[in-house]
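Each chain is listed here by its residues.
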Amino acid sequence: MLKIGKDIGVDLGTASVLVTVKGKGIVLNEPSVVAVDIDRNKTLAVGEEARRMLGRTPLNISAIRPLKEGVIADFDTTESMLKHFLYKATGSNPFFKPRVMVCVPAGITSVEQRAVMEAVLNTGAKDVFLIEEPRAAALGADLEIFEPFGNMVIDIGGGTTDVAVISLGDIVKKDSIRVGGDKLDEAIVRFIRDKHNLMIGERTAEEIKIQVATADPNTRKKSIEVRGRDIVSGLPKNLTVDSDMAFEAIKEPVNSILRSAHKVLERTPPELASDIIDKGIVMTGGGAMLHGLDTFLTEKLRCPVFLAQDPISSVVRGTGIALEMLDNIMDTLTSSKKSV
C-alpha cells in the first residue's frame, strides 16, 4: 500500500483527471471517461480502459464523459469516477480522511462549485478546497505570482479556456469561456460533415487536430487520411485532410480564445499590462499545444506568448505547490468549511 500524506490535489478536467499527493508528486493521469452497463446500472470501466470503448460499445453499454465544459454534467458518475481514481492513486483505506484541493474553471458558478465539493466530500474527504485553474497553472508554470508584478496565463483545457492576470498571489482580471480542446474536435467533425458529407468520430477528429491542424497555416503543411461514413451513400469512405482544411475547421474556436485574451488585456491596469509585455503570456493545458497557436496569439496580441514547459501537468503541479502553502493561502480559496 502506498504511504501517503494528508493532502491530495485533483485537476478534475473535462478530458482527463490528474492527481497529485503531497510529498509524492503526480501519481495519476487518466481520461475522464466511464463505461456504464445501462441495463444493470453498473460501472464497467473507468479511465483509459473506458476511453478505448468510446464509439465502439453495444447498445447496453455507454461510454460517457461525466464532465462537460469544465463542470459536472453527471453527478453520480463523476462521484464514482473520483472514488475509483482517488483509491487507485493513493491505495487509501476507509479510515483515511484527506484534505483535497480541486482545480475548477475561473468562471464556475456557486452551484457548480457546490456540486464539485459535494462529489469530493462523498468520496470520504475531510475538507475540500477549490482553486481557480489559471492560478494553479501559474504556480505550476513557475511564475512568481506572489510578487507585485503582472503575470498572465491562458489555460486551455478540454472544456474551458481560462484567461487571468495574477499579481500578489491572487487574480486581478479574468475571463472564462466554454471553449477548449473538445470544441476544436467538434468543429472538425462539423466541418468535414458539412463540406465533405463524411461523418467521423471524435477520436478521429482528435487525431486530425494533433497530426495536421494548426492555428497558423503558414507554418504547417501536413495531411492525413481518415475514414468515416458517407452521409449520402451510408457506406465507408476515405478522405485526405490537410492542414489548410483543418485550419478552416478550427478558425472560429481559435478566434474565441483570442477574443477572451484580448478582453482581459483591455481591462488590465496599465502597470500590470506593462509587466505582461515585458514577461510575456504563458499558455498551459492540453489545448495550448495546438500547433501554431503561440505564434498566432503573439501576432494578434502584439505581446510574446509562449508554451509552459509541461503544459498538460502545469495545473495539477500548481495544485501540489498550493497544497504545500495551504495554510498561507486558505483565506483566498473556496472551501467546504465555508460553503457546505
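Conventions used here
- Residues numbered from 1 in each chain as written.
- Predicted model: local features only at pLDDT ≥ 70, side-chain atom pairs only at ≥ 80, totals over all residues.
- Heavy atoms only, no water.
- Helix = DSSP H or I, 4+ residues; strand = E, 2+ residues; numbered from the N terminus.
- Rg over C-alpha atoms; globule rule 2.2 N^0.38 Å.
- Buried < 20%, exposed > 50% of the residue type's maximum accessible area, 1.4 Å probe, protein only.
- Contact = heavy atoms within 4.5 Å.
- Areas by Shrake-Rupley, 256 points an atom, 1.4 Å probe, with all protein chains shown as cover.
- Lys, Arg positive; Asp, Glu negative; His and termini not counted.
- Charge placed at Lys NZ, Arg CZ, Asp CG, Glu CD.
- 1 Å grid on protein atoms, 1.4 Å probe; cavity = no way out; pocket = protein on both sides within 12 Å on 5 of 7 lines; lining within 4 Å.
- Points joined across faces, edges and corners; volume = space filled by probe spheres on them.
- Pairing = 2+ DSSP bridges.
- Axes fitted to C-alpha atoms, helices over the stretch in contact; angles between N-to-C directions.
- Parallel < 35°, antiparallel > 145°, perpendicular 65-115°, else oblique.
- Left-handed = near helix turned anticlockwise from the far one by under 90°.
- Nonpolar A, V, L, I, M, F, W, Y, C, P; charged D, E, K, R; others polar.
- UniProt positions renumbered as here; feature names shortened; annotations may be inferred.
- Polar contact = N/O pair within 3.5 Å; in protein donor to acceptor, adjacent residues only side chain to side chain.
- Arc of directions from axis to C-beta.
- Salt bridge = Lys/Arg side-chain N within 4 Å of Asp/Glu carboxyl O.

A. Examining the overall build of the chain more closely. When you go through the chain residue by residue, the secondary structure sums to 12 helices and 19 strands. Here the chain has a C-alpha radius of gyration of 20 Å; the compact-globule value for 340 residues is 20 Å, and the two agree. Each of the 340 residues in the chain was classed as buried or not, and the buried ones make up 54%. Of the contacts made within the chain by residues no fewer than 6 positions apart, 62% connect residues no fewer than 24 positions apart. If you sum the accessible surface of the chain, you get close to 15800 Å²; carbon and sulfur atoms cover 50% of it. Charge centroids of the chain, computed over 43 positive and 47 negative side chains, lie 3 Å from each other.

B. Expanded view of the layout of surface pockets. Looking at the largest pocket, its volume works out to about 920 Å³. Lining the largest pocket are 40 residues, and of these Ala-15, Ser-16, Glu-206, Gly-286 and Gly-287 sit closest to its centre. Among the secondary structure elements, those contributing two or more residues to the lining of the largest pocket are strand S1 (7-12), strand S2 (16-21), strand S3 (25-31), strand S11 (151-156), helix H5 (181-196) and helix H6 (202-211). For the lining of the largest pocket, the leading source of residues is H6, giving 5 residues.

C. A look at the pairing of strand S16 (residues 236-242). Summarising the sheet, strand S15 (residues 223-230) and S16 pair through 7 bridges and their orientation is antiparallel. Each residue of the ladder has a partner; that of Arg-229, found in S16, is Pro-236. A loop of 5 residues connects S15 with S16, the two strands running antiparallel in sequence, and Gly-234 in this loop sits at a positive phi of about 80 degrees.

D. Spatial organisation of the packing of helix H7 (residues 243-267) against helix H9 (residues 293-301). Two elements in contact, H7 and H9, have axes separated by 11 Å at closest approach and are oriented at 45 degrees. In terms of orientation, H7 and H9 fall into the oblique class. Along this stretch, H7 crosses H9, giving a crossing that reads as right-handed. In this structure, H7 contributes Val-254, Asn-255, Leu-258, Ala-261, His-262 and Leu-265 to the contact, and H9 contributes Leu-293, Phe-296, Leu-297, Lys-300 and Leu-301. Classifying every residue of the contact of H7 with H9 gives 8 nonpolar, 2 polar and 1 charged.

E. A look at the UniProt feature "binding site: ATP" (unreviewed entry) in the chain. This chain's UniProt record puts "binding site: ATP" (unreviewed entry) on Gly-158, Gly-159, Thr-160, Glu-206, Glu-207, Ile-208 and Lys-209. From this annotated list, the subset lining the largest pocket comprises Gly-158, Gly-159, Thr-160, Glu-206 and Lys-209. As for its placement among the helices and strands, Ile-208 is situated in helix H6. Once you skip the residues sitting within four places of it in the chain, Ile-208 turns out to touch Ile-188, Ile-192, Ile-200, Ala-213, Ile-224, Val-226, Val-241 and Ala-246. Inspection of the secondary structure puts Lys-209 in helix H6. Those residues in contact with Lys-209, other than ones at most four positions away along the chain, are Gly-181, Leu-184, Asp-185, Ile-188, Arg-220 and Leu-290. A distance of 3.2 Å separates the side chain of Lys-209 from the side chain of Asp-185, its partner in a polar contact.

F. Looking closely at the side chain of Asp-182. Along the chain, the position of Asp-182 falls in helix H5. Among the residues examined, Asp-182 registers a relative accessible area of 17% and is labelled buried. Apart from the residues lying within four places of it in its own chain, the contact partners of Asp-182 are Thr-14, Arg-65 and Gly-158.

G. Quick look at the sheet that holds strand S4 (residues 34-37). Spatially, 3 strands are ordered S5-S4-S6 in an open sheet, and the strand pairing comes out antiparallel. Strand pairing shows two members of the sheet lacking a second neighbour, strand S5 (42-46) and strand S6 (61-64), which therefore form its edges. Across this sheet, the average inter-strand angle for adjacent strands is 25 degrees, counted without regard to direction. Across 4 bridges, the pairing between S4 and S5 is antiparallel. From the neighbouring strand, Asp-37 faces S5, where its bridge partner is Lys-42. Of the strands in this sheet, S4, S5 and S6 are in contact with helix H2 (residues 75-90), which crosses S5 at around 50 degrees.

H. Structural context of H9. Three or more residues of H9 are buried, namely Leu-293, Phe-296, Leu-297 and Leu-301. Viewed along the axis of H9, the buried residues span an arc of 110 degrees, placing them on a single side of the element. Tucked inside the fold, the buried residues of H9 contact S11, H7, strand S17 (281-284) and strand S18 (305-307). One or two residues past the end of H9 sits Arg-302, with phi positive at roughly 55 degrees.

I. The sheet that holds S16, seen in detail. If you walk across this open sheet you meet the 3 strands as S14-S15-S16, and the pairing is antiparallel. With partners counted over all chains shown, the strands left at the sheet margins are strand S14 (198-199) and S16, one partner each. Taken strand by strand, H6 contacts S15 and S16, and its axis lies near 165 degrees from that of S15.

J. Here's a closer look at the pattern of salt bridges. In this structure the tally under the stated criterion is 21 salt bridges. For Arg-135, the salt bridge goes to Glu-132, with nearest N and O atoms at 3.2 Å. Taken as a pair, Arg-135 and Glu-132 share a single burial class, namely buried. We note a salt bridge from Arg-259 to Glu-252, for which the minimum N-O separation is 2.8 Å. For Arg-259, a relative accessible area of 46% gives the class partly exposed. A residue is classified by how much of its surface remains accessible, and Glu-252, at 46% relative accessible area, is partly exposed. A network of salt bridges, in which partner residues are shared, links Asp-7, Lys-22 and Arg-99.

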